[in-house]
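Listed here are the chains, written in short residue letters.
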Amino acid sequence: MNIVEKLTERWRDIDYPFLVHSSGELRFSEIAEQKAVDVSKVKSGDVVALIGDFDPQSILTLLQLIDKNVILVPLTVDTRAQHKYFFESALVDVVIEGEEVKRISHSIKHEIIESLRSNEHAGLVLFSTGTTGRPKAILHDLTLFMQRFETRRPTLKTINFLLFDHIGGLNTLLHTLFNKGTVVAPKSRSVEDILATCAEHKIEVLPTTPTFLRMMLMSGLIPKSVPKSLRIITYGTERMDQPTLD
């Protein structure tokens, strides 16, 4: 049974949405009913750049690619100016955007990628923020990463602050899918919109960054505009300074 089949079974007879966004709601049944992108020419072990977002087609393609044991490179249109560099750094073999599947020819190999391939493990390539130079490619063992979702855990209503090309954004998405939760995508990532979205949807978890927390402090909107529903704020992606944490 592949991932889509497992999740379809898990979400059977559940009517509430797993994703709420600015243009509406999305139920898992709508993901499963999407016309799948033809990934028949993608081979196990290929390094595949998926340019997308938290939309039905991108999510379905993401799940298809994980099933094929590829080395996944999730990207967004916001970083398009850097895509050529990302393709070269990650040794990308295939690029998928929408329904277009394009193969890139190169003959370069890397020992860590070859190790994943020989173990028949999927991989995940993410890029650093580039605050201290050009972004650096970071390779994770996606097969091991996916094992965390085999154990069912309780979910809290979460705002998806982090993006499609960030490990926190992917973790939030997959945790929500595998544990039948609800994630809310904000209209924008301004302090005002994030706090308004948290209040409107009774958000319980805000995963964010130290930079955003500093922006919250400077906005003058906290603590009075922080909704009572918010129970947990997590942070990552960069170093936290002690004054902000205090």
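Notes on the structure follow. (Residues numbered from 1 in each chain as written. Predicted model: local features only at pLDDT ≥ 70, side-chain atom pairs only at ≥ 80, totals over all residues. Heavy atoms only, no water.)

### Topic: the nonpolar core
- Within the largest apolar cluster, 39 residues are counted, with the highest numbers of intra-cluster contacts made by Phe18, Leu65, Ile96 and Met146.
- Elements with a contribution of two residues or more to this core: helix H1 (3–10), helix H2 (28–32), strand E3 (47–51), helix H3 (56–67), strand E5 (94–97), strand E7 (123–127), helix H6 (142–146) and helix H7 (167–178).
- It is H3 that contributes the most residues to this core, six residues altogether.
- Apart from residues lying up to four places away in sequence, Leu65 is in contact with Val39, Val42, Val48, Leu50, Val70, Leu72 and Ile96.
- In terms of nonpolar packing, the next biggest core, distinct from the first, is built from 17 residues, Ala49, Ile51, Ala90 and Val92 among them. (Core = buried A, V, L, I, M, F, W, Y, C linked by side-chain atoms within 4.5 Å. Buried < 20%, exposed > 50% of the residue type's maximum accessible area, 1.4 Å probe, protein only. Helix = DSSP H or I, 4+ residues; strand = E, 2+ residues; numbered from the N terminus. Contact = heavy atoms within 4.5 Å.)

### Overview of H1
- Inspection of H1 places Ile3, Val4, Leu7 and Arg10 among the buried residues, and these make up the whole buried set. The arc that holds every buried residue of H1, seen down its axis, measures 125°, which confines them to one face.
- Considering only its buried residues, H1 is in contact with H2, H3, H6 and H7.
- The backbone nitrogen of Val4 has a side-chain oxygen 3.2 Å away, supplied by the residue at the start of H1, namely Asn2. (Arc of directions from axis to C-beta. Polar contact = N/O pair within 3.5 Å; in protein donor to acceptor, adjacent residues only side chain to side chain.)

The values reported here are purely geometric and, on their own, carry no functional implication.
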